[in-house]
Amino acid sequence: MNWKITKQLFTILTIGVLCLLPTAAMAQSSTTINDQVVRQKEIENGGSGRYRAIVVSEKTLPNFTIYRPRNVQYAARREGALPILIWCNGACSGSSIGYERMLNEIASHGYVVVGIGAFEMVDSERDDGGSDEKMVVEAINWLVKQEKLKTSDYYKAINVNNIALSGHSCGGAQAIANCANSRVKTLLIMNAGMGGMSMGGASPQSLNSLHCPLIYMTGGPDDVAYGNAQTDFGKVKVKVAWVDLSNAGHGGTYYNSYGGEFGRIAIKWMDWQLKGFKQNARVFLKPDLTGFSRNWSIQTRNFKTSDMNYDEPFEELETTTQTVFDRAAAEEIFDFGADISSLTLETNQGKVFYNSTGQRKTLMPILKEKGINSIRLRVLVNPSDNNVNTTYAKTLATSARGQQMNIMLDLHYCDWWGDNVTPAAWSSYTLDKLISSVKSHTTTAVRSINLTQRLKWVQIGNEVDNGMLWNEGRNTASFVQFINAAHEAVKAINPDVQTIIHVSECLNTEWLTNYFDTLQANGAQWDAIGLSVHIQGTTRTPEKLIEQVVENVKILKERYGKPVLIVETGYYNDRQLEANQWLCSFLTQLIDAGAAGLYYWEPELTEDHHLGAWNPRTRKPSIALDAFLGLRHTEGTDDAIHNFETGLGNSSTHIEYYTPNGIRIAQPQRGINIVRQRDGNHIHTYKIYQSQ
């Protein structure tokens, strides 16, 4: 099959079909997020991921379209430097608009996507112009420059050595043509394959240059690329998966909302290959297609036995446990907190929770068992769904009151989490009108949550390093007026509630002191300081991260005479023992430094979130959360205790207590107690601190 016939065929089957289908819901923007962007639009409310995505045209990359989180730096602080996807179009077209739903959705999950072809606000806005495989190299070179450019949105926020290449039909061949590039860590070849043909700058021999895992995605026997993908799958020498959606055809599901099934599978693969989400291996290697279409079938080749250990990070461990601080003594002076703002979204998706002994419960009582005494809830102005509004927060706050938990209200003066852009309804307001709107919104939210009688803290904005209510609130004088309006609104309702200024910076001492000195000098009113500490957003070792943060807590507390809290943090969920030990160290040092609290960010999340603290297989809390009880785990058991006669009889659950020197006692006594518990066939040995 020669190239002219191939392109003609693919044009008819692919682009022609896509252009007849409904276009994505789109909101045209009259302004752009900054001067780096020439044009931009929003589709499908920014995608379903946690980072609101936008589609932009960059001044310095006119022949490409970028799909990205609206606030790239914000996403990178939580994800680490963002992985990259470079997308090549069907028929080797010069337009990615037929795939924008899927590409936008991928971006909303914490990726920067570069699509070949100039930006289009609507379909057929310009002549296509076509593309060639060399444009992939052009995109990579631009990304490398942007990552080093201090004035760029992408400065140190993207990982130019963690790239996925992907394409549909002829675009899949263009991706294969660039597969030898060492920056490329995986390929997603969609409705494409070389078979015995040459096109898009690639030939069957190009497959010999593969050096990383790849996945073929096809649409069943009616897909014209089905046979080629099947041939490639059988002969490549790298790790390879072939996933086939039998009823999708050559057009895939790109035109469906959020990219449909192809988009969902693509994100699972990329999160596994580029972000290290080991649990996603289940989808492809088991295969476990729970929640996906029944029309998928999956085959894999060349994976190793070690790749099959995807459940290992979440297996229950037998550990010896040591008490590292007196939890009861810290109860009144320290907030052991958790942000659970996504809880209702989880339960609406059918997620259930079990406590450590396997009893099914709602989340909040389980957190209480783990020592959590405070929760944090975010509220937006006009969110696109009902999961982050005042009514939603009040429902969770009422549940928290039932557990005698304190509440931190995290007020985002924007419409989307992590945005800080002025809410759409306020966009035309004068400064005075913005100030009154801040006061009114604060009053409404605080009054509602204060009725629980457990409201302790109110954040005035979220990570307001660069102000809030952009662009007006980037100006220091305006920013201070917004802060004071919110502070006064809080105090008018309840003078005992403390206001917090929250920033993402936690390491740069000079920046922190300059920032709060400036606010203080300009008359800003606030009661406490909140810091984010994100393990993936730093190059420091976990231990050095703690060391510097604790030092800054001491400096800020002394310099401003205000409480200092860590309002967001977390650790890798697939390193549960390491997470427990890191949190124990962090909590112990913070308590010793006089900090006012630590809040784990979204411990209940397991899907597409690497830093939760919940077991996705058992739906039980990770042992990481035992740190909030002051319990530090080490792998294995104390031999002197492990070898005692158990005398457990036929009881399915039995607990015995021993003194540290091995003398058995009837009930725990004041001080350290060794506890042995049999739960079915498992014996757990740990230590507890009994204060009375």
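Here's a quick rundown of the structure. On a predicted model such as this, the values are computed, not experimentally measured, just so you know. (Residues numbered from 1 in each chain as written. Predicted model: local features only at pLDDT ≥ 70, side-chain atom pairs only at ≥ 80, totals over all residues. Heavy atoms only, no water.)

**Concerning the overall build of the protein**
Per the secondary structure count, the protein includes 18 helices and 27 strands. Computed over C-alpha atoms, the radius of gyration of the protein comes to 27 Å, within 12% of the 26 Å expected from 2.2 N^0.38 for 692 residues, which places it in the range of a compact globule. Its C-alpha atoms give the protein principal-axis dimensions of roughly 85 × 70 × 40 Å. For the protein, buried positions account for 60% of its 692 residues. Carbon together with sulfur atoms contributes 46% to the accessible area of the protein, which is approximately 27,200 Å² in total. Positive and negative charge centroids in the protein, built from 65 and 70 side chains respectively, lie 1 Å apart. (Helix = DSSP H or I, 4+ residues; strand = E, 2+ residues; numbered from the N terminus. Rg over C-alpha atoms; globule rule 2.2 N^0.38 Å. Buried < 20%, exposed > 50% of the residue type's maximum accessible area, 1.4 Å probe, protein only. Areas by Shrake-Rupley, 256 points an atom, 1.4 Å probe, with all protein chains shown as cover. Lys, Arg positive; Asp, Glu negative; His and termini not counted. Charge placed at Lys NZ, Arg CZ, Asp CG, Glu CD.)

**A word on the sheet that holds strand β22 (residues 597–601)**
What the 8 strands build is a closed barrel, ordered β13-β16-β17-β18-β19-β20-β21-β22; its pairing is parallel. Going from strand to strand, the sheet's axes swing by 25° on average, the running direction of each strand aside. Sheet topology note: the strand β17 (residues 406–411)/strand β18 (residues 455–460) ladder contains 5 bridges and is parallel. Bridge assignment links D410 to a residue of β18, and that residue is Q459. Strands β16 (374–379) and β17 of the sheet are contacted by helix α12 (residues 390–402), whose axis makes an angle of about 170° with β16. (Pairing = 2+ DSSP bridges. Axes fitted to C-alpha atoms, helices over the stretch in contact; angles between N-to-C directions. Contact = heavy atoms within 4.5 Å.)

**Description of the environment of N382**
In this structure, N382 sits in the loop between β16 and α12. You can call N382 partly exposed: its relative accessible area is 42%. Taking the C-alpha atoms as reference, N382 lies 8.1 Å from W416; in sequence the two are 34 residues apart. Excluding anything up to four places from it in sequence, N382 contacts C414, D415 and A425.

**Here's the deal with helix α17 (residues 576–593)**
Owing to its 3.6 residues per turn, the α-helix brings residues three or four apart onto one side. The terminal C-alpha atoms of α17, which comprises 18 residues, lie 25 Å apart, in line with the 26 Å expected from a rise of 1.5 Å per residue. Turning to α17, its buried residues are Q576, L577, A579, N580, W582, L583, C584, F586, L587, L590, I591 and A593. (Expected span 1.5 Å × (residues − 1).)

**Observations concerning the packing of aromatic side chains**
All chains considered together, the criterion is met by 26 aromatic pairs. When the ring of F353 is compared with that of W614, the centres are 5.5 Å apart and the planes differ by 90°; the resulting orientation is edge-to-face. Taken as a pair, F353 in strand β14 (residues 353–354) and W614 in the loop between β22 and β23 (631–635) lie far apart in primary sequence, 261 residues in all. With a relative accessible area of 2%, F353 lands in the buried category. An angle of 80° between the planes, with centres 4.9 Å apart, marks the rings of Y515 and F516 as edge-to-face. Across this residue pair, the class does not change: Y515 and F516 are buried. Grouping aromatic residues by their ring pairs yields a cluster made of W87, Y99, Y254, F262 and W296. The ring of F292 has R264 sitting right over it, with the charged end atom 4.2 Å from the ring centre. Above the face of the F336 ring, R327 is positioned so that its terminal group lies 3.8 Å from the ring centre. (Phe/Tyr/Trp six-rings, centres within 6.5 Å; stacked < 30°, edge-to-face > 60°. Lys NZ or Arg CZ within 6 Å of the ring centre and 35° of its normal.)

**Quick notes on the packing of helix α3 (residues 100–108) against helix α7 (residues 260–275)**
Contact geometry of α3 with α7 gives a least axis separation of 10 Å together with a crossing angle of 35°. Both α3 and α7 take part in a crossing whose hand is right-handed. Residues M102, E105 and I106 of α3 form the contact with α7, whose participating residues are F262, G263, I267 and M270. Of the residues that constitute the contact of α3 with α7, the class distribution is 5 nonpolar, 1 polar and 1 charged. (Left-handed = near helix turned anticlockwise from the far one by under 90°. Nonpolar A, V, L, I, M, F, W, Y, C, P; charged D, E, K, R; others polar.)

**Regarding the environment of Q40**
Within the secondary structure, Q40 is located in strand β2 (residues 37–43). For the pair formed by Q40 and E120, sequence separation is 80 residues and the distance between their alpha carbons is 9.1 Å. A polar contact is formed between the side chain of Q40 and the backbone nitrogen of I33, at a distance of 2.7 Å. (Polar contact = N/O pair within 3.5 Å; in protein donor to acceptor, adjacent residues only side chain to side chain.)

**Notes on helix α15 (residues 509–521)**
The terminal C-alpha atoms of α15 lie 18 Å apart, and with 13 residues this matches the ideal 18 Å at 1.5 Å per residue to within 8%. Turning to α15, its buried residues number three or more, namely L512, T513, Y515, F516 and L519. The buried residues of α15 all sit within an arc of 160° when viewed along its axis, so they share a single face. Exposed residues pointing more than 90 degrees away from the buried face of α15 are listed as E510 and A521. Against α14 (476–493), β19 (498–503), β20 (528–534) and α16 (542–560) lie the buried residues of α15. For α15, the capping residue at the N-terminal end is N508, with a side-chain oxygen 3.2 Å from the backbone nitrogen of E510. Two residues or fewer after α15 comes G523, characterised by a positive phi angle close to 85°. (Arc of directions from axis to C-beta.)

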